[in-house]
Amino acid sequence: MEPQIRTLVDISESQASLSGRADIVLERARWASYIFQRFDKKRTMKIVDAVANVAHSHAGEWAEQVVVETGFGVVSHKKLKNEFTAKPLVDYYREQDLVSMRVKEEKKIVEIPRPAGVIFALIPSTNPISTLNFKIILALITRNSIVISPHPAAKKSCIDAVRILTEAAISSGAPEGAIQVLETPSIPLIEEFMSSPKTNVILATGGTAMVRAAYSSSNPAIGVGPGNAPVFVDSSADIALAANQIVTSKSFDNSVLCTSESNLITLTDVDKPLRKSLKNEGAYICNNNEVVQIRNYLFHPNGFNVEALGRDAVWIARECGIRVPKKTRILVTPINSIGIEEPLAREKLCPVLSFYVANSPKQAIAQSRATLRATGAGHSAVIHSQNERMILDFASRVECYRVVVNASCSLGASGFNTNLAPSFTIGTGFYGRSSLGENLGPQHLIHWTQIAYNSDPSVAFGKFNELSLSLDGPLPRSPSDGVPGSPKSRRVDTTSTSTSFSIDNVNREELRKLIAEELKNVLKK
Amino acid sequence: MSQEKTDFLERSKTFWNPGKTQDWQDMGIDLVIDHREKYYLHDMDGRRLIDVHLNGGTYNLGHRHPELVEVLKAGTSRFDMGNHHFPALARTALAEALAESAPGPELRYTAYGSGGGEAIDIALKTARHATQRRKIVSIIKAYHGHTGLAVKTGDDRFSKLFLSEDTVGEFVQVPFNDLNTMEDALKRRDVAAVIMETIPATYGFPMPEEGYLPSVKQLCERYDTLYIADEVQTGLMRTGELWGCTKYKVQPDIMVTGKGISGGMYPIACVLISEKCGGWLKEDGFAHMSTMGGAELGCVVAMKTLEIVQRPEVRSVVHFISDYIRSGLDGIMEEYSDFFIGIRQHGLIMGLEFSHEEGAKPVMKYLYENGVWAIFSALDPSVLQFKPGLLMTQSECEELLRRVQIGIEQAREEVLGVRNRRSIH
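Residues numbered from 1 in each chain as written. Chains lettered and ligands numbered in written order. Predicted model: local features only at pLDDT ≥ 70, side-chain atom pairs only at ≥ 80, totals over all residues. Heavy atoms only, no water.

### Observations regarding the overall build of chain A
Where we set the bar: The secondary structure listing takes helices from DSSP runs of H or I that are at least 4 residues long and strands from runs of E that are at least 2 residues long, numbered from the N terminus. We call a residue buried when its accessible area falls under 20% of the maximum for its residue type, exposed when it is over 50%, and partly exposed in between, using a 1.4 Å probe and counting protein chains only. Here the open area of atoms and residues is found with the Shrake-Rupley method and a 1.4 Å probe, where only the protein chains shown may cover a residue. Counting rule applied: Lys, Arg positive; Asp, Glu negative; His and chain ends not counted. The location of each charge is read from NZ of Lys, CZ of Arg, CG of Asp or CD of Glu.
A tally of regular secondary structure across chain A gives 17 helices and 17 strands. Seen along its three principal axes, the alpha-carbon backbone of chain A occupies a region of about 105 × 85 × 40 Å. Looking at chain A as a whole, 55% of its 525 residues qualify as buried. In the form shown here, chain A has an accessible surface area of approximately 23,100 Å², with 51% of it arising from carbon and sulfur atoms. Side-chain charges in chain A split into 58 positive and 51 negative, and the spacing between the mean points of these groups amounts to 1 Å.

### Remarks on the overall build of chain B
Inclusion rule: Note on contacts: a residue pair qualifies if any of its non-hydrogen atoms lie within 4.5 Å across the two residues.
Scanning chain B for helices and strands turns up 16 helices and 15 strands. Each principal axis of the C-alpha atoms in chain B carries an extent, and together these give about 70 × 55 × 45 Å. Counting every position in chain B, which comprises 425 residues, the buried fraction comes to 62%. Excluding contacts between residues fewer than 6 apart, the proportion of contacts in chain B whose partners are at least 24 apart in sequence is 73%. Across chain B, 47 positive and 59 negative side-chain charges occur, with their mean positions spaced 1 Å apart.

### Observations concerning the domain arrangement of chain B
Residue and element names in this part refer to chain B. To keep it simple, the criterion reads: An automatic or database domain assignment supplies the start and end points of every domain. Summed over both partners, buried area is the accessible surface (1.4 Å probe) that two parts give up on being assembled. The salt bridge criterion pairs a side-chain nitrogen of Lys or Arg with a carboxyl oxygen of Asp or Glu, the two atoms within 4 Å. We define a polar contact as two N or O atoms separated by no more than 3.5 Å, with the added condition that, inside protein, one atom must be a possible hydrogen donor and the other a possible acceptor, whereas residues neighbouring each other in sequence contribute only through side-chain atom pairs.
When cut into domains, chain B gives domain 1 (31-64 + 312-424) and domain 2 (66-309). The distance between the C-alpha centroids of domain 1 and domain 2 comes to 27 Å. Counting residues at the interface gives 31 residues for domain 1, matched by 35 residues for domain 2. Where domain 1 abuts domain 2, roughly 2,600 Å² becomes buried across the two surfaces, and 61% of that area is made up of carbon and sulfur atoms. Linking domain 1 with domain 2 are 1 salt bridge, by the criterion used here. Note that Glu 241 and Arg 315 form a salt bridge whose closest N and O atoms lie 2.9 Å from each other. Inspection of the domain 1/domain 2 interface yields 13 residue pairs in polar contact (both at pLDDT 80 or more).

### Topic: the packing of helix H1 (residues 15-36) of chain A against helix H8 (residues 187-195) of chain A
Residue and element names in this part refer to chain A. What counts here: Orientation is described by axes fitted as lines to C-alpha atoms, over the contacting stretch for helices, and by angles from 0 to 180 degrees between their N-to-C directions. Here is the rule for angles: anything less than 35 degrees is roughly parallel, anything more than 145 is roughly antiparallel, 65 through 115 is roughly perpendicular, and the remaining ranges are oblique. Here a crossing is called left-handed whenever its near helix is offset anticlockwise from the far helix by less than a right angle, and right-handed whenever the offset is clockwise. Each residue gets one label: Ala, Val, Leu, Ile, Met, Phe, Trp, Tyr, Cys and Pro are nonpolar, Asp, Glu, Lys and Arg are charged, and the others, such as Gly, are polar.
Orientation of H1 relative to H8, taken along the N-to-C sense of each, is 55 degrees, at an axis distance of 9 Å. One finds that H1 runs oblique with respect to H8. By crossing handedness, the relation of H1 to H8 is classed as right-handed. Counted together, Gln 15, Leu 18, Ser 19, Arg 21, Ala 22, Val 25 and Leu 26 of H1 and Pro 188, Leu 189, Glu 192 and Phe 193 of H8 form the full contact between these two elements. By residue class, the composition of the contact of H1 with H8 is 7 nonpolar, 2 polar and 2 charged.

### Description of helix H14 (residues 361-374) of chain A
Residues and elements named next belong to chain A. Convention followed: In this analysis, the expected span of each helix is defined as 1.5 Å times one less than the number of residues it contains.
The end-to-end C-alpha distance of H14, which contains 14 residues, comes to 20 Å, matching closely the 20 Å that a straight helix rising 1.5 Å per residue would cover. Those residues of H14 lying buried are Ala 364, Ile 365, Gln 367, Ser 368, Ala 370, Thr 371 and Leu 372. The positive-phi residue at the C-terminal boundary of H14 is Gly 376, with phi of around 95 degrees.

### Section: the pattern of salt bridges
Tallied over the full model, the rule gives 42 salt bridges over all chains. A salt bridge links Lys 156 of chain A to Asp 160 of chain A, with the shortest nitrogen-to-oxygen separation between them at 2.8 Å. Placement of the pair is Lys 156 of chain A and Asp 160 of chain A together in helix H7 (residues 155-171), with a separation of 4 residues, close to one helical turn. Close ionic contact of Glu 221 of chain B with Lys 217 of chain B constitutes a salt bridge, the shortest N to O distance being 2.6 Å. One end of the pair is Glu 221 of chain B and the other is Lys 217 of chain B, both in helix H9 (residues 212-222) and 4 residues apart, which spans about a single turn. Shared partners join several salt bridges into a network, and the residues in it are Glu 67, Lys 304, Glu 307 and Arg 311 of chain B.

### A short note on the packing of aromatic side chains
Our working definition: Any two rings among Phe, Tyr and Trp, with Trp reduced to its six-membered ring, count as a pair given centres within 6.5 Å; such a pair is stacked if its planes are under 30 degrees apart, edge-to-face if over 60, and tilted if neither.
In total, this model carries 22 aromatic pairs over all chains according to the counting rule given. An angle of 70 degrees between the planes, with centres 5.4 Å apart, marks the rings of Trp 31 of chain A and Tyr 324 of chain B as edge-to-face. One end of the pair, Trp 31 of chain A, is in helix H1; the other, Tyr 324 of chain B, is in helix H13 (residues 312-335), on a second chain. Residue Trp 31 of chain A shares its accessibility class with Tyr 324 of chain B, and that shared class is buried. Here Tyr 368 of chain B and Trp 373 of chain B contribute two aromatic rings whose centre-to-centre distance is 6.4 Å and whose plane-to-plane angle is 80 degrees, an arrangement assigned as edge-to-face.

### Remarks on the domain arrangement of chain A
Size of an interface: often given as the accessible area lost when the parts come together. All names here are of chain A. Segmenting chain A into domains produces domain 1 (15-224 + 443-447) and domain 2 (229-417). Its C-alpha centre places domain 1 at a distance of 32 Å from the equivalent point of domain 2. Facing 12 residues of domain 1, the contacting portion of domain 2 comprises 13 residues. Carbon and sulfur atoms supply 66% of the area that domain 1 and domain 2 bury against each other, a total of about 1,000 Å² over both sides. Between domain 1 and domain 2 we count 2 salt bridges in total. The tally of links from domain 1 across to domain 2 stands at 6 residue pairs in polar contact (both at pLDDT 80 or more). Along the lines of polarity and charge, the residues of the side of domain 1 that touches domain 2 split into 4 nonpolar, 6 polar and 2 charged.

### Topic: the pairing of strand S9 (residues 261-267) of chain A
All names here are of chain A. This is how it is decided: Pairing between strands requires that DSSP locate at least two bridges from one strand to the other. When the strands point away from the viewer and the connection leading from the first strand across the helix to the second strand turns clockwise, the crossover is called right-handed.
Counting buried residues along S9, 7 of its 7 residues qualify, which places the element largely inside the surrounding structure. By the bridge criterion, 5 bridges tie strand S8 (residues 229-233) to S9 in an arrangement that is parallel. Within S9, the residue paired with Pro 230 across the bridge is Asn 263. As for the winding sense of the linkage, the β-α-β connection from S8 through helix H10 (residues 239-251) to S9 is right-handed.

### What to know about the interface of chain B and chain A
The interface is formed by 76 residues belonging to chain B together with 54 residues belonging to chain A. Summed over both sides, the interface of chain B with chain A buries roughly 5,500 Å², with 62% coming from carbon and sulfur. Considering only the side of chain B, the residues that lose the most area to chain A are Glu 210, Phe 320 and Asp 323 of chain B, jointly responsible for 12% of the buried surface there. For Arg 6 of chain A, the salt bridge identified is with Glu 96 of chain B, shortest N-O distance 2.1 Å. Linking chain B to chain A there are 11 residue pairs in polar contact (both at pLDDT 80 or more). Breaking the side of chain B that touches chain A down by element, the ones donating at least two residues are helix H4 (66-75), helix H5 (89-101), helix H12 (296-309), H13, strand S11 (340-346), helix H14 (360-369), helix H15 (394-416) and helix H16 (421-424) of chain B. Considering only residue class, the side of chain B that touches chain A consists of 32 nonpolar, 18 polar and 26 charged.

Below, the structure written as structure tokens:
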């Protein structure tokens, strides 16, 4: 008979057990971060590149795994996202040195980067691999440790991926524990991690409840709110191009990106040609009855129907009893109002796009503002227009921190096809109850110690340009005395006397006697 | 010292142990441990000490580890010590957990004592029964406890006083790291067992030379002698592996664990016994009895301890602490190389060597004054036992090193009567 491990007294749900489980993971992360902070840029980038390469080469495989596990999304699109958050992400930041010190001669200031330490990162089910790639690479670039907390719906894929990335990191020199994954995420355990004094910063990407919990944890947090991007097509827009961008973007990975277009707002004179162009791109424009069916299907009294999350347009149409062409890429639901009474004007993480026709640009902007009042404040918006005045007025009035122009919002707001920072954590700033208004980047995961000289021109500034930080790399492995192959314990050679010691001439025996006398006196005290 | 403490020490001398109470005062250690938590001891007068003595690893996981406290509390809602005559749920469950994590697949049975000494006695009795031989070989300056048989394996400092030393030549002691003498002791084929602390603690952790322990095991096999591993101080992840003997590639016939196995929360000690040595358990299972041995509450706590120390995170934290502390101590040793002359180390088992034969005593005193509690090796006072906990944080370790550096500097200054070299430069 084989021995079994049996728990006679189960304390797994107790506070002590939850704290204990969180504590040891975070403690390992803290130790790893301590060692990691001794690494220089070269050593750091070796790890970053190794992890990015492995992430890149697994992009397709992991995309497939996630679609199988979660049951939603599009493999080829997920593969693109997974790749985007691997090598290109690293290349984007390659020249931005967040490891070495920087000397600002003109300001007589020297700045030393100080990594946050331990990052606790929540991963959503919608973009699991791309988000974990993104957060892990940001952490490594800045020499931070990271603990990944996957969404339960994508847990297995996340755990597998993190394991492989961790192996890549360790084998290229990262300290053990620099990357860890929470294998049994539960809300009480996650709360334990978030509120632990051993967590330095929480990166919360996910549902509003989680993001709010992160901010309530008492720890520094960077959490971002949901999206609900309005897309305004004005009279000056290239209609065909706009339709192409909108349909492509809205159908990308079945619209699980929070940057995806949610509410299309246009003007009376654009209405018909835009509908036509949308149809040409594979959009299906619903009639009034179909809109009712979709509304009822997507929105339950308790909110968005998660069954529809990331499903394709044909699947959703079928669930709603609507017959659509097989090649349908998105479902367009014309609506007559925007606001509390119209659920379809809220965020829809599926390829359903509401469609509203405004009487004037002024009204269009007012309605765009209204969509973000409902949900998505601080996130993203799009405008298709050739009129810079219109672009400026729109952008300065909608309450969000990125406005994509004549491009896809899914890919534009997250920096795929704009020059915004490539990111899977889109800061929703003060409008969206976030501490971060821009796209999350590695610079947000360090602070700088500033060495400041007197500004008086008569005071000279130090010569720091010739210096660099003392970064000693990993600690030497301590000995396991007596174990073959272990590093040897050093022993001071007591036969040679040290040059600076003042009793060189006293021979060893005499010294011993002296010490013995002294010691007797000491011990008598 | 507060009046309250002075009064208390008088009571301690009057009602508990006058000699021991006074000896500590004479050594300059006026410690009366009151509140304790994590790796901190708080003296009754309020001073805080970082504990790197840990009672020989009893407090590996820190004092009053919250999960152990919780499991003990929860355990009391179902169990008490239990009835040692009957098959018992918790005793068997812990025995299974130990078999699962034992250093070899042959170690199947677990017999229980209420403390390490009793467990050693059980191990020795088991070996005698299995081999039908009486002789026991141990290491000179060995320490395995104070009970009837255990005390005879050790230095006679603890047995003579009680007229309890071996008088009939059944207990033979040989030098550590000396294979020839070991073989001489075994080759008459009359030795039941060699009992061996994987790294002798009370002797200041002299480290086994490469190949020594496996060779002793081979000699045991050659002369049909059993190998008993005393893993009381070296087990439970202190070496970075669950059992120290695993690191030296030794699979003992009998293994003893105690102290840290229940994290200082409930007394228990365990003897793991291989199938071939466990004959008495079948022949007469009532032959060794212990009302408190294997108390079921202790079993519940021990199972939790085993689970905690085997978490993969603990293993890496042990490596980090070992490397970090070593690197810091190397720096201190370089600074005071005429006094602090060596470090014996295997993971979190460390012995700090000083250049005088009693050098560890003043170091202990000055560390104490600087808020660190570490104890000299009773059987080699030139060596300070230095045993950081398994779960220490980086800042706790840094704090420890900062204090140790100052303590050693002060001890050196007093012992050698010289100012710190830095001030001579």
